[in-house]
Amino acid sequence: MSQIPLVDYLELGDAPHLVAQECASCGARYFDRRNACAGCFGTEFRSVSVGTEGTLRSFTIVAHAAPGVPTPFVAGVVDIDGTSVKSNIINISPDPEHVRLGMKVRLATHVVGTDDEGTDAIGFGFEPAEGD
Amino acid sequence: MAADDIWILGIRMTKFGKHPDRDTIDLAAEATMAALADGGVTMGDMGILAFGNLRGPSTGQLLQKQVGQTGIPVFNVANACATGATALRTAIMAIKAGECDMGLAVGVEKLAGAGLLSGNAATSDDNVYEPSGRQGAVAPLDGRIGTVTMPGVFAQVGMEYLYNHDYTGAEFELFARISQKNHAHSTLNPLAAYTKEMSLEQIMGDVMIAYPNTRSMCSANCDGAAAAVVVSEEKLRTLSAEQQARAIKVRASVLTSDPWQEACQVLPDVNTLTRSAAAQAYEAAGIGPEDLDLVELHDCFATAELVHYDNLGLCAPGGAVDLFESGATNRNGSMPVNVSGGLESKGHPIAATGIANIWEVCHHLRGEAGDRQIEGARMGLAHVIGLGSACGVHILESASA
C-alpha cells in the first residue's frame, strides 16, 4: 500500500521525523517554503532533520472547531532542542489532568485518511514519552 | 506643547451589540456624525478619511455617500483586529505630513452571530492526494496539525506565558478570574454588548471553547462602529475654548508588525511587537507605565490579557500573575485595566475596536465617564492586536494636564 506524508516536512520510512529548512546564514528554521529568510533575508537554505523528542511548551484543548474537525483534540507547541514545532498531542486523554505544561513527548505517526487510489495520508503528532 | 502635536477633537462609539435592522454604513454613519458633532465640526472640515471594515461590505466612499461627499482622499485600510487603530494612525500620519489639518478615522463591523472567525475552511479531503501549498499538504491541516481557531491560538499564548514563568497554581481559575474582573467592569458601561456580572462558577462552567478559554472568556462577536476626528495643534488653536478644553492630546501613536522570532511560525508571537510598540510609545510620550491612570488592552481572550500586562510594562518582567493577584488591574486598583468591560463583555466588532478603546480612554480623560469614571484620570493607554500580526498603541492625555 502506498503512503504519502500529510505535509512535505514529514519524512516517512523506518524512522519518521520532521525536516526543517534552515537558513544557511543565521540558522533560522522553517517548516514551509520561504522566498528568503524572515530573520536575516538570506536566500540559501539547507534541509536539517529535527529530533523526535521534546517538551510541551504550551497547549490548548480545542472543544469547539470548524465543522468537520473532530473535537476535542489537544494542540500545542513542542520544543525540540530549541526548535519549536506545531503539533497535536495524541495518544493522551484530552483533559487538563493528563496534559501538562512541560511534559516530555515524542513523535508518532498515524493514518489520517485514504484517497480513492488507496494511498494513505500519514500525519504526525506528539505522544507522552515513556517514563514521564 | 509642540507645534506638531496631534489632538483628538471628537470621538464616539455606537452601542456595541446586536443591530439587526442597521447595516454597516448605518453604524459607521452614526459613529461618524456623532464624532463630528462631538468635535463641533463637519465633513466639510475633513481633509482625509481613513476607513476600516474588515469583513465588508463597506468602504469609506460608501460612507461618504451617506454623510458627505467632498472629494477628499479615502484610505480603506485592513489590519486584522488592529484595523481601527490603523485607520486612526493613517489619519494622524496625514496630518503630521502636513497634507491636511483635520482628518477622520472610522471603523465598523457587523459580527453578531458570526461564530469562529477562522478555521472555517472547507474540510472535505480531495479524492486523490496531491501536495499543495507551501507545506505540501495533501489534506486540510486545521485540527490535524494544531489549531488555527483564535480561542485556541490565544489559549496557547497565555499557557506559554505560564510555562515560561514556572506558574504552578490553578491556571484555569486564574484566567477565569481575569474574565470575572472584566465582566464586573462591564456592568457600569451602557455601551457594552454584555453588562452582566458573572460569578467564577458561571465563567468556568460555561461552554468550553478552547481550554482554558470558556465562552465567557472569549471576546464577544457583535455589531458596532467608532469614529474619531483628529486635528493639528495649529488648527486646534483657532477653534473655540470649549473645543480646546475637551480635546485629547495624542502623546504617542505607534503601529508595529511582528519581527521574526524563533517559533513565530509555529505560534503567532503577539508579545514582541507589543513590547516594541509600548517601548516606542513611552519613549515618544516621555512617560513610563507608572504615569498611566488607566489602560484599555486587547483582551480578545482572558488568556491574552495576562501576557499584555507584561508586554505593556505594567508589571516587572514575569510579574503579570502577581500584578493581577494584587488587585491592581481592578477599576479601584492602582493600574485599572479594561474598565470598559474589555472585549470579553463590551464586545469586539473587529475593525471598530481599535478606535472604541481610544474612545473609552478619552471618555475618562475628559471626566465624562459617569458611573465608571476613573477619578482624576489624566493619562491613558490604548492597545490593540491584529493577529498576523499588527499592534497599535496610543497614549493619550487630557487637555488640562
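Residues numbered from 1 in each chain as written. Chains lettered and ligands numbered in written order. Predicted model: local features only at pLDDT ≥ 70, side-chain atom pairs only at ≥ 80, totals over all residues. Heavy atoms only, no water.

Student: Whenever I open this one, the overall build of chain B confuses me. Can you help?
Tutor: Each helix and strand counted, chain B has 13 helices and eleven strands in total. The C-alpha radius of gyration of chain B comes to 21 Å, within 12% of the 21 Å expected for a compact globule of 401 residues. Viewed in the frame of its principal axes, chain B has a C-alpha envelope of about 65 × 50 × 40 Å. Across chain B, contacts joining residues at least 24 apart in sequence account for 76% of those joining residues at least 6 apart. Total accessible area on chain B stands at roughly 14,200 Å², and carbon and sulfur atoms take up 49% of it. Across chain B, 26 positive and 45 negative side-chain charges occur, with their mean positions spaced 6 Å apart. (Helix = DSSP H or I, 4+ residues; strand = E, 2+ residues; numbered from the N terminus. Rg over C-alpha atoms; globule rule 2.2 N^0.38 Å. Contact = heavy atoms within 4.5 Å. Areas by Shrake-Rupley, 256 points an atom, 1.4 Å probe, with all protein chains shown as cover. Lys, Arg positive; Asp, Glu negative; His and termini not counted. Charge placed at Lys NZ, Arg CZ, Asp CG, Glu CD.)

Student: What is the right way to look at the packing of aromatic side chains in this model?
Tutor: We describe a pair of aromatic rings using the distance from one ring centre to the other and the angle between the two ring planes. Summed over all chains, the structure comprises eight aromatic pairs over all chains. Judged by centre distance (6.1 Å) and plane angle (75°), the rings of tyrosine 30 of chain A and phenylalanine 45 of chain A are edge-to-face. With tyrosine 30 of chain A in strand β4 (residues 29-30) and phenylalanine 45 of chain A in strand β5 (residues 45-50), this residue pair connects regions lying 15 residues apart in the sequence. Tyrosine 30 of chain A gets classed as buried once you look at its relative accessible area, which sits at 1%. Centroid distance phenylalanine 59 of chain A to tyrosine 211 of chain B: 6.2 Å. Interplanar angle 5°. Geometry classified as stacked. With one member in each of two chains, phenylalanine 59 of chain A in strand β6 (residues 53-62) and tyrosine 211 of chain B in strand β5 (residues 208-211) form a pair that bridges those chains. Across this residue pair, the class does not change: phenylalanine 59 of chain A and tyrosine 211 of chain B are buried. Ring pairs connect the aromatic residues Tyr9, Phe31, Phe124 and Phe126 of chain A, which therefore count as one cluster. (Phe/Tyr/Trp six-rings, centres within 6.5 Å; stacked < 30°, edge-to-face > 60°. Buried < 20%, exposed > 50% of the residue type's maximum accessible area, 1.4 Å probe, protein only.)

Student: How do you make sense of the sheet that holds strand β11 (residues 390-398) of chain B when you look at a structure like this?
Tutor: All names here are of chain B. The nine strands are arranged β3-β2-β4-β7-β1-β8-β11-β10-β9 in an open sheet whose pairing can be described as mixed. Each edge of the open sheet carries a strand with a single partner, namely β3 (74-77) and β9 (294-296). Between one strand and the next, the sheet's axes are offset by a mean angle of 25°, whatever the strand orientation. Where strand β2 (residues 49-52) lies against strand β4 (residues 102-109), four bridges are found, and the strand directions are parallel. Across the sheet, the residue bridging to leucine 49 is leucine 104, located in β4. (Pairing = 2+ DSSP bridges. Axes fitted to C-alpha atoms, helices over the stretch in contact; angles between N-to-C directions.)

Student: When you look at the confidence of the model for chain B in this model, what are you seeing that I'm missing?
Tutor: Summing up the model confidence of chain B, the mean pLDDT is 95 and the portion of residues at 70 or higher is 97%. Interface confidence in the predicted complex, given as ipTM, is 0.96; pTM for the same model is 0.96. (pLDDT = per-residue confidence, 0-100.)

Student: Could you clarify how one ought to interpret the packing of helix α4 (residues 150-164) of chain B against helix α10 (residues 302-311) of chain B in this entry?
Tutor: Any two packed helices are characterised by the angle at which their axes cross and by the distance between the axes. Residues and elements named next belong to chain B. Their axes nearest at 7 Å, the elements α4 and α10 cross at an angle of 50°. When the axes of α4 and α10 are compared, the pair comes out oblique. Crossing angle aside, the handedness with which α4 passes α10 is left-handed. Judged by residue contacts, Phe154, Ala155, Val157, Gly158, Tyr161 and Leu162 of α4 engage Thr303, Ala304, Leu306, Val307 and Asp310 from α10. Among the residues forming the contact of α4 with α10, the class breakdown is eight nonpolar, two polar and one charged. (Parallel < 35°, antiparallel > 145°, perpendicular 65-115°, else oblique. Left-handed = near helix turned anticlockwise from the far one by under 90°. Nonpolar A, V, L, I, M, F, W, Y, C, P; charged D, E, K, R; others polar.)

Student: What am I meant to see in the interface of chain A and chain B here?
Tutor: Bring the parts together and some accessible area is lost; that lost area is often taken as the interface size. Contacts between the two partners involve 55 residues from chain A, matched on the other side by 41 residues from chain B. Counting across the interface, chain A meets chain B through one salt bridge. With its nearest N and O atoms 2.7 Å apart, the salt bridge here joins arginine 57 of chain A to glutamate 160 of chain B. At the boundary of chain A with chain B, the tally comes to 22 residue pairs in polar contact (both at pLDDT 80 or more). Breaking the side of chain A that touches chain B down by element, the ones donating at least two residues are β1 (3-5), β4, β6, β7 (73-80), β8 (83-89), β9 (104-114) and β10 (120-128) of chain A. Element by element, the count of residues in the side of chain A that touches chain B is highest for β6 of chain A, at eight residues. Across the side of chain A that touches chain B, the residue classes tally to 27 nonpolar, 17 polar and eleven charged. In terms of strand pairing, β6 of chain A meets β5 of chain B through two bridges, oriented antiparallel. Residue pairing across strands places valine 62 of chain A opposite alanine 210 of chain B, the latter belonging to β5 of chain B. (Salt bridge = Lys/Arg side-chain N within 4 Å of Asp/Glu carboxyl O. Polar contact = N/O pair within 3.5 Å; in protein donor to acceptor, adjacent residues only side chain to side chain.)

Student: In this structure, what is going on with the packing of α4 of chain B against helix α5 (residues 171-186) of chain B? I would like to understand it.
Tutor: All names here are of chain B. For the pair α4 and α5, interaxial distance at closest approach is 12 Å and the crossing angle is 120°. Judged by the angle between their axes, α4 and α5 are oblique. Handedness of the α4/α5 crossing: right-handed. Here Gly158, Met159 and Leu162 of α4 lie close against α5, whose contacting residues are Glu171, Leu174 and Phe175.

Student: Whenever I open this one, the pattern of salt bridges confuses me. Can you help?
Tutor: Close approach of charged atoms lets side chains of opposite charge pair. All names here are of chain B. With the rule as written, the count across this model stands at 19 salt bridges over all chains. Between glutamate 30 and arginine 22 there is a salt bridge, and its shortest N-O distance comes to 2.4 Å. Given a relative accessible area of 32%, glutamate 30 falls into the partly exposed group. Note that glutamate 305 is salt-bridged to lysine 181, the shortest N-O span being 2.8 Å. With glutamate 305 in helix α10 and lysine 181 in helix α5, this pair connects stretches of sequence that are 124 residues apart. Taken individually, glutamate 305 and lysine 181 each receive the classification buried, so the pair is uniform in this respect. The structure contains a network of salt bridges with shared partners spanning Asp38, Arg246, Arg366 and Glu368.

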